[in-house]
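Reading the structure
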Amino acid sequence: MLAAILVMAGIAVAIGLALGWSAIRFKVEGNPLAEKIDAILPQTQCGQCGFLGCRPYAEAIAKGEADINLCPPGGEEGVKKLADLLGVEPKPLDETHGAPKPKSVAFIDEQTCIGCTLCIQACPVDAISGAAKQMHTIIAAECTGCELCLPPCPVDCITMVPIAEDLPHWKWKHPVVMLKQVSGDSSA
Amino acid sequence: MSRELFKFKGGVHPPEHKAESNARPVRAAPLPKKLVIPLRQHIGSPAKPLVSVGDRVLKGQMIGEADGTISAAVHASSSGIVSAVDQQPVPHISGLPDLCISIETDGRDEWVEHRPLDYRALAPADLRIRLRDLGLAGLGGAVFPSAVKLDPGAAQHCPTLIINGGECEPWITCDDVLMRTRADEILQGVAIMRHLLGSTEILVGIEDNKPEAIAAMQAAAARMDFAAEIMVVPARYPGGGAKQMIQVLTGREVPSGKLSTDIGIQVFNVGTAYALARAVHHGEPLISRLVTVTGHVLRPQNFEVLIGTPMHALITLAGDRDGTTGVLMGGPMMGMPMPNLDVPVVKATNCILVQSAELFPPLPKALPCIRCTRCADACPAELQPQELFRFAKAGDFGRAQEYHLFDCIECGCCSYVCPSHIPLVDFYRYAKSEIWTREKDKRAADLARERHEFRQFRQEREKKEKAEKLAAKAQAKRAELAAAPDAGGAAPSEADAKKALIAAALARAQAKKAETAPKNTDHLPPGTQREIEEIEARRAKIRELARQPLESDEKP
């Protein structure tokens, strides 16, 4: 009887130690779920969801504090991916946070720009180059189209230009879907 | 000659239709009034334009330079005046325009100065740059810049060089005719490839449906000072595909996701070898090529065509007929329908295939897949086309990739055998382009994340640095003041120290003000001083005047 208790206790202690050790040795840094959510978010950093960028929104979703349908740039597809990841039902995009728009980049009218640097300070991804009293320019390849540079501009010289479809951006369309042949007789 | 040949799995044997066009001699297409030369004619970055509207260019002059490693130059195909550098329709299925240089030809066809290259004397790297600047790109269909392929890389040599004269696709005969008529120059080009790649084994694969080409190439090979084996391979589509040709000639398979050079084999089309010989032995850039014009035309034949010639001119030359239902660039298996016929002939144009309802009856309506797996039997890449179709249709691109979608060479065998007439290849192209777009979006998102995180890090750092700097400054000042009253004896209280700090700051500010007072008004000569006084007086008067009406306005 005693031997059995000792054996069981011994096993419990050994397993406990092993678990305790591995909890320290294999500790996961950060929140892996937030990482996964962040990987799905479009990284526009526009703040339309009400958070200060994609990462804080991802963390809020991971904690269950925010809904999954607040990201307009991610669109319905993004909501679906988040729903798949989190194992919840996808829901329509929350229109109060804005509607999805075609992908665009900001464009500074260089004739009007006064070089005030306000847009540079607003850009979340440092995609505007320029200095005080010097003309500013958008680095189009790095612009996420977040529109955060529009409100601070005192002379309204920034416009959003949708990305036009050209040869390098062209994609093959889904082939015309097969239609079942419905003759007059069979439908009758 | 008794070398063992191997077989590739799958493949089909559609009606060849080669006899229509290969019997007539090659004819030079006349110089058109206007040439439209796209800057994107090869895989990789498009060429950068070097000319502007109004410039006079000569035949063979470089009008677009290679941009980056994987790129090639483009050249004026004839002499004339540049009439536009703008977006023009190009031979692409989308019908979207692309940047082109238009040249109004002057009919003189005046060559730019050009001279042969001594390829044995040039360093290989220099020679490759010259070839890139001569616009060489693979003429078999993929138009990959040849200079890049002629670099053996770290291995220093590529043991096996395969020259592809397969031309397996029905209707097309431009390589056949080229081999019949210009076999010597093709092999001269092969000699240059051999020199650059350091190849020891040279295999020329030609399908057995081209006996004249085989005879001509064998005769030419016998005249060469190196051994090139002319190998006759059984005609079976897509035996002219690079991977299939490698398998038939050597029995080796290119592993999935690898290049043929990884197993020591490089493949070039016969047309590329010919263009290389012209470039090196005559200094001529790639400004013309053989194009088969066939199908629903009166006189199907091969033309020597200047790059930039509009396609409709060639069809007129071959004799256009009523009842044309469409035009393909390329063959019936892999060709692309052309949205309009104003598009120019480019380096990739091997064939212009005019369709009619009799020759190419419209496909019956596609029916659901019955999973008969005939496509899997036909697939030369040994894929499971029915599964790929299922995943592509459902948008499950991850699974499609797991089933090696990117090993698909888009040869069209699966669509050809499909009893349900499903346009399978279209689905694979759609899936591939969706995957590429997603990868591009993902890269853009990763870049945005990285830049955003760095910005946050930078802002934090700046804030910290500023705070530290201020703290250090305050500390230094306090120490300085603490040291000063100590000389007087009494230790200052906290409030006194603060007062002293403020007093010191005030003194500093005053000193600074005095320092920055404009100095150019001191020690002036009397004349200037007088002028200044006069101006000041005028200013005072103006101010007075400006104030008066204001006051009078306010009074009533």
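Residues numbered from 1 in each chain as written. Chains lettered and ligands numbered in written order. Predicted model: local features only at pLDDT ≥ 70, side-chain atom pairs only at ≥ 80, totals over all residues. Heavy atoms only, no water.

**Brief notes about the overall build of chain B**
Looking only at helices and strands, one finds 16 helices and 17 strands in chain B. For chain B, whose C-alpha radius of gyration is 37 Å, the value lies well above the compact-globule estimate of 24 Å for 556 residues. When its C-alpha atoms are laid out on the principal axes, chain B stretches across 115 × 65 × 55 Å. Restricting to contacts in chain B with at least 6 residues of sequence separation, those with at least 24 account for 74%. Roughly 27900 Å² of accessible area belongs to chain B as shown, and the carbon and sulfur atoms make up 55% of that amount. (Helix = DSSP H or I, 4+ residues; strand = E, 2+ residues; numbered from the N terminus. Rg over C-alpha atoms; globule rule 2.2 N^0.38 Å. Contact = heavy atoms within 4.5 Å. Areas by Shrake-Rupley, 256 points an atom, 1.4 Å probe, with all protein chains shown as cover.)

**Details of the packing of aromatic side chains**
Residues and elements named next belong to chain B. Applying the stated criterion to the full structure yields nine aromatic pairs over all chains. Ring geometry for Phe-389 versus Phe-427: centroids 4.9 Å apart, planes at 90°, classification edge-to-face. Within this pair, whereas Phe-389 is found in helix H11 (residues 385-394), its partner Phe-427 is found in helix H14 (residues 424-488), the two being separated by 38 residues in sequence. The exposure class of Phe-427 is buried, given its relative accessible area of 2%. Note on Phe-454 and Phe-457: the rings are 5.9 Å apart at their centroids and 45° apart in plane angle, and the pair reads as tilted. In this pair, Phe-454 and Phe-457 are both assigned in helix H14, three residues apart and thus about one turn of the helix distant. On the basis of relative accessible area, Phe-457 is assigned to the partly exposed category, the value being 46%. When the ring centre of Phe-268 is taken as reference, the NZ or CZ atom of Lys-149 above it lies at 4.5 Å. (Phe/Tyr/Trp six-rings, centres within 6.5 Å; stacked < 30°, edge-to-face > 60°. Buried < 20%, exposed > 50% of the residue type's maximum accessible area, 1.4 Å probe, protein only. Lys NZ or Arg CZ within 6 Å of the ring centre and 35° of its normal.)

**So, the sheet that holds strand S6 (residues 74-75) of chain B**
Residue and element names in this part refer to chain B. Strand order in this open sheet of three strands is S3-S5-S6, and the pairing throughout is antiparallel. At either margin of the open sheet sits one strand with a lone partner, and together these are strand S3 (48-49) and S6. Examined bridge by bridge, S3 and strand S5 (residues 62-65) share two bridges and lie antiparallel to one another. Across the sheet, the residue bridging to Lys-48 is Glu-65, located in S5. (Pairing = 2+ DSSP bridges.)

**Let's talk about the sheet that holds strand S10 (residues 201-207) of chain B**
Residue and element names in this part refer to chain B. Spatial ordering of the open sheet is given by S11-S10-S9-S12, a layout of four strands whose pairing is parallel. The open sheet terminates on both sides in strands that have one partner only, identified here as strand S11 (229-233) and strand S12 (265-269). On average, adjacent strands in this sheet sit at an angle of 25° to one another, irrespective of strand direction. Examined bridge by bridge, S10 and S11 share five bridges and lie parallel to one another. Bridging across to S11, Gly-205 finds its partner in Met-231. Where helix H8 (residues 270-282) meets the sheet, its contacts fall on strand S9 (160-165) and S12, and the angle it forms with S12 comes to roughly 80°. (Axes fitted to C-alpha atoms, helices over the stretch in contact; angles between N-to-C directions.)

**Points about the side chain of Thr250(B)**
Residues and elements named next belong to chain B. Mapped onto the elements, Thr-250 comes out in helix H7 (residues 242-250). According to the relative accessible area criterion, Thr-250 is buried, its value standing at 17%. Within the structure, Thr-250 has its side chain in polar contact with the backbone oxygen of Ile-246 (distance 2.7 Å). Among the polar contacts listed, one links the side chain of Thr-250 to the backbone nitrogen of Arg-252, at a separation of 3.2 Å. If we ignore the near neighbours within four places in the chain, the residues touching Thr-250 are Phe-6, Ile-162, Leu-203 and Ile-265. (Polar contact = N/O pair within 3.5 Å; in protein donor to acceptor, adjacent residues only side chain to side chain.)

**Overview of the pairing of S9(B)**
Residue and element names in this part refer to chain B. Of all the six residues making up S9, six are buried; the element is thus mostly covered by neighbouring parts of the structure. Residue alternation in S9 divides its side chains into two sets, Thr-160, Ile-162 and Asn-164 and Leu-161, Ile-163 and Gly-165, and both sets are buried. Sheet analysis places S9 next to S10, joined by six bridges and oriented parallel. Within the sheet, the bridge partner assigned to Ile-162 lies in S10 and is Leu-203. Two strands pair when backbone bridges link them, and S9 and S12 are joined in this way by five bridges, in the parallel orientation. Counterpart to Ile-162 in the pairing with S12 is Val-267.

**Details of the domain arrangement of chain A**
Often the size quoted for an interface is simply the accessible area lost on bringing the parts together. All names here are of chain A. Taken domain by domain, chain A holds domain 1 (32-97) and domain 2 (104-164). Each of domain 1 and domain 2 has a C-alpha centre, and the two are 26 Å apart. Listed per partner, the contact involves four residues of domain 1 and six residues of domain 2. Here domain 1 packs against domain 2, burying approximately 330 Å² in sum over the two surfaces, 62% of which is carbon and sulfur. Counting the surface domain 1 buries against domain 2, the share from its top three residues, Thr-44, Gln-45 and Cys-46, is 89%. Where domain 1 touches domain 2, the interface holds one residue pair in polar contact (both at pLDDT 80 or more). (Domains from an automatic or database assignment. Buried area = accessible area lost by both parts, 1.4 Å probe.)

**Points about the pattern of salt bridges**
A complete count under the given rule lists 39 salt bridges over all chains for this structure. The closest approach of N and O atoms between Glu59(A) and Arg55(A), which form a salt bridge, is 2.9 Å. Taken as a pair, Glu59(A) and Arg55(A) lie in helix H3 (residues 54-63) at a separation of four residues, close to a single helical turn. Residue Glu59(A) is classed as partly exposed on the basis of its relative accessible area of 30%. Note that Glu536(B) is salt-bridged to Arg539(B), the shortest N-O span being 3.0 Å. Here the residue Glu536(B) and the residue Arg539(B) both occupy positions in helix H16 (residues 526-554), the gap between them amounting to three residues, near one helical turn. (Salt bridge = Lys/Arg side-chain N within 4 Å of Asp/Glu carboxyl O.)

**Regarding H11(B)**
All names here are of chain B. Where burial is concerned, most of H11 is hidden: seven out of the ten residues are buried. Among all positions of H11, only Pro-385, Gln-386, Glu-387, Leu-388, Phe-389, Phe-391 and Ala-392 are buried. Directly beyond the C-terminal end of H11, a positive phi value near 75° is found at Gly-395.

**Things to note about the environment of Asp94(A)**
All names here are of chain A. Position of Asp-94 among the secondary structure elements: in the loop between helix H4 (75-86) and strand S1 (104-108). Under the relative-accessibility criterion, Asp-94 is labelled partly exposed at 25%. Among the polar contacts made by the side chain of Asp-94, one reaches the side chain of Thr-96 at a distance of 2.6 Å.

**Here we look at the side chain of Arg429(B)**
Assignment of secondary structure puts Arg429(B) in helix H14. Residues in contact with Arg429(B), not counting those within four places in the same chain, are Trp172(A), Met334(B), Met336(B) and Glu410(B).

**A few points about the interface of chain A and chain B**
Contact residues are listed per partner, giving 32 residues for chain A and 34 residues for chain B. Interface of chain A and chain B: buried area, both sides summed, is about 2900 Å²; carbon and sulfur atoms make up 59% of it. In this assembly, chain A and chain B are joined by seven salt bridges. The partner of Arg451(B) in a salt bridge is Glu142(A), with the nearest N and O atoms 3.2 Å apart. When contributions to the side of chain A that touches chain B are tallied by element, the ones reaching two or more residues are helix H2 (32-40) and helix H5 (118-122) of chain A. Broken down by element, the side of chain A that touches chain B gets its largest block of residues, three residues, from H5(A).

**Details of the state of the cysteines**
Residue and element names in this part refer to chain B. Scanning the model with the defined rule gives zero disulfides over all chains in all. Cysteine Cys-372 shares no disulfide, and the gap to the nearest cysteine sulfur, in Cys-375, comes to 6.1 Å. Exposure remark for Cys-372: the relative accessible area of 33% places this residue in the partly exposed category. (Disulfide = S-S within 2.5 Å.)

**Digging into the packing of helix H4 (residues 174-181) of chain B against helix H6 (residues 211-223) of chain B**
Residue and element names in this part refer to chain B. Running from N to C, H4 and H6 point in directions that differ by 40°, and their axes come no closer than 7 Å. Here H6 runs oblique to H4, going by the angle between their axes. Handedness of the H4/H6 crossing: left-handed. Between H4 and H6, the contacting residues are Asp-176, Met-179 and Arg-180 on the first element and Glu-212, Ala-213, Ala-216 and Met-217 on the second. Here the residues of the contact of H4 with H6 are counted per class, giving four nonpolar, no polar and three charged. (Parallel < 35°, antiparallel > 145°, perpendicular 65-115°, else oblique. Left-handed = near helix turned anticlockwise from the far one by under 90°. Nonpolar A, V, L, I, M, F, W, Y, C, P; charged D, E, K, R; others polar.)

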